[in-house]
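Here's the letter readout for the chains.
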Amino acid sequence: QQQVKQSPQSLIVQKGGISIINCAYENTAFDYFPWYQQFPGKGPALLIAIRPDVSEKKEGRFTISFNKSAKQFSLHIMDSQPGDSATYFCAARISGGYQKVTFGTGTKLQVIP
Amino acid sequence: GAVVSQHPSWVICKSGTSVKIECRSLDFQATTMFWYRQFPKQSLMLMATSNEGSKATYEQGVEKDKFLINHASLTLSTLTVTSAHPEDSSFYICSAEPKSYEQYFGPGTRLTVT
């Protein structure tokens, strides 16, 4: 029940295209859903996050769509750039201090020129 | 934003020796820090939760005597891998949480045990 399932495992997108990564969760106690971007040999960096009281959140080229009834959420990267090539992790946690973050399995995104 | 540092960034040690990894919150105090382990092309797996002034809480399956965690101050937590073996080779990442409840991750430490 603690799992967060993420797909696809890898993704190749042409420059300027839309990258879409999907995640699903089981634990209805989760109420905070961050996305992390990780470059090789680096720690994850928080990209964008959403709470289940909204269905969509947009920050620049990055948009999270959230479907509470389906227990699914997704990351959309608009106008994908080669610099976006990285591994993306969705995650889920219970909000409030010092709670564990449960990570998805990761999606390796490659944006080709 | 909140900054978390780790030292060293990479370390090579011989089998049977111990190695210490430091995690520091540079611009905030962290009563709780988290230690993760990441194998190549895999996700982050939580190893333990480090609490300042008290014992760490280890996840199921993580050997407490092998991975010693000390959270000596509000800005420093250390992970010591004791009697390291090649299978302990991995990428170790810490995170800390300022009051905003956003976890910030360190840059990671690459451990190679020969």
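Residues numbered from 1 in each chain as written. Chains lettered and ligands numbered in written order. Predicted model: local features only at pLDDT ≥ 70, side-chain atom pairs only at ≥ 80, totals over all residues. Heavy atoms only, no water.

A. Spatial organisation of the overall build of chain A. Per the secondary structure count, chain A includes 0 helices and 11 strands. Secondary structure elements of chain A, listed N to C terminal, follow the sequence β-β-β-β-β-β-β-β-β-β-β. Taking 113 residues into account, the globule formula puts the C-alpha radius of gyration at 13 Å, and chain A, at 13 Å, falls close to it. Based on the C-alpha atoms only, the size of chain A along its principal axes is roughly 40 × 30 × 20 Å. Expressed as a percentage of its 113 residues, the buried residues of chain A come to 43%. Counting contacts in chain A only where the partners sit at least 6 residues apart, residues at least 24 apart contribute 54% of the total. Here chain A has roughly 5600 Å² of accessible surface; of this, 49% comes from carbon and sulfur atoms. With 12 positive and 7 negative side-chain charges, chain A shows a separation of 6 Å between the mean positions of the two kinds. (Helix = DSSP H or I, 4+ residues; strand = E, 2+ residues; numbered from the N terminus. Rg over C-alpha atoms; globule rule 2.2 N^0.38 Å. Buried < 20%, exposed > 50% of the residue type's maximum accessible area, 1.4 Å probe, protein only. Contact = heavy atoms within 4.5 Å. Areas by Shrake-Rupley, 256 points an atom, 1.4 Å probe, with all protein chains shown as cover. Lys, Arg positive; Asp, Glu negative; His and termini not counted. Charge placed at Lys NZ, Arg CZ, Asp CG, Glu CD.)

B. Main features of the sheet that holds strand S1 (residues 4–7) of chain A. All names here are of chain A. Pairing is antiparallel in the open sheet, where 5 strands are placed in the order S1-S3-S8-S7-S6. Each having just a single partner strand, S1 and strand S6 (56–59) make up the two edges of the open sheet. Within the sheet, the average angular offset between the axes of one strand and its neighbour, ignoring direction, is 15 degrees. Bridge count for strand S3 (residues 19–25) against strand S8 (residues 72–77) is 6 bridges, and the pairing is antiparallel. Looking at the pairing, serine 19 lines up with isoleucine 77 of S8. (Pairing = 2+ DSSP bridges. Axes fitted to C-alpha atoms, helices over the stretch in contact; angles between N-to-C directions.)

C. Geometry of the state of the cysteines. Evaluation of the coordinates by the stated rule reveals 2 disulfides over all chains. A disulfide bridge connects cysteine 23 of chain A with cysteine 90 of chain A, and the sulfur atoms are separated by 1.9 Å. The disulfide joining cysteine 23 of chain A to cysteine 90 of chain A has a torsion of about -100 degrees about its S-S bond and is therefore left-handed. With a gap of 67 residues between them, cysteine 23 of chain A in strand S3 and cysteine 90 of chain A in strand S9 (residues 86–93) connect regions that are remote in the sequence. The disulfide that involves cysteine 23 of chain B links it to cysteine 94 of chain B, with 2.0 Å between the sulfurs. (Disulfide = S-S within 2.5 Å.)

D. Local environment of the side chain of threonine 80 of chain B. Positionally, threonine 80 of chain B belongs in strand S8 (residues 76–81). Look past the residues within four positions of threonine 80 of chain B in its chain and what remains in contact with it is Ser18, Val19, Lys20, Lys66, Phe67 and Leu68 of chain B.

E. Structural detail: the pairing of strand S4 (residues 33–38) of chain A. Residues and elements named next belong to chain A. Counting buried positions along S4 yields 6 of 6 residues, so the element is predominantly enclosed. The pairing of S4 with strand S5 (residues 45–50) spans 5 bridges and is classified as antiparallel. In the sheet register, tyrosine 36 faces S5, and the bridge partner there is leucine 46. Between S4 and S5, which pair antiparallel and follow one another directly, the connecting turn spans 6 residues, one of which, glycine 41, has a positive phi of 75 degrees. Direction of pairing for S4 relative to S9: antiparallel, over a ladder of 4 bridges. Across the sheet, the residue bridging to tryptophan 35 is cysteine 90, located in S9.

F. Geometry of the packing of aromatic side chains. Here the structure, examined in full by the defined rule, presents 15 aromatic pairs over all chains. An angle of 70 degrees between the planes, with centres 5.8 Å apart, marks the rings of phenylalanine 103 of chain A and phenylalanine 105 of chain B as edge-to-face. Linking phenylalanine 103 of chain A in strand S10 (residues 101–103) with phenylalanine 105 of chain B in strand S10 (residues 104–105), this pair reaches from one chain into another. Relative to phenylalanine 105 of chain B, the ring of tyrosine 36 of chain B lies with its centre 5.5 Å away and its plane at 50 degrees, an arrangement referred to as tilted. Of this pair, tyrosine 36 of chain B sits in strand S4 (residues 32–38) while phenylalanine 105 of chain B is found in strand S10, placing the two residues 69 residues apart along the sequence. As far as the burial class goes, tyrosine 36 of chain B and phenylalanine 105 of chain B line up, both buried. In this structure an aromatic cluster arises from ring pairing among Tyr25, Phe30, Phe33, Trp35, Phe66 and Phe73 of chain A. (Phe/Tyr/Trp six-rings, centres within 6.5 Å; stacked < 30°, edge-to-face > 60°.)

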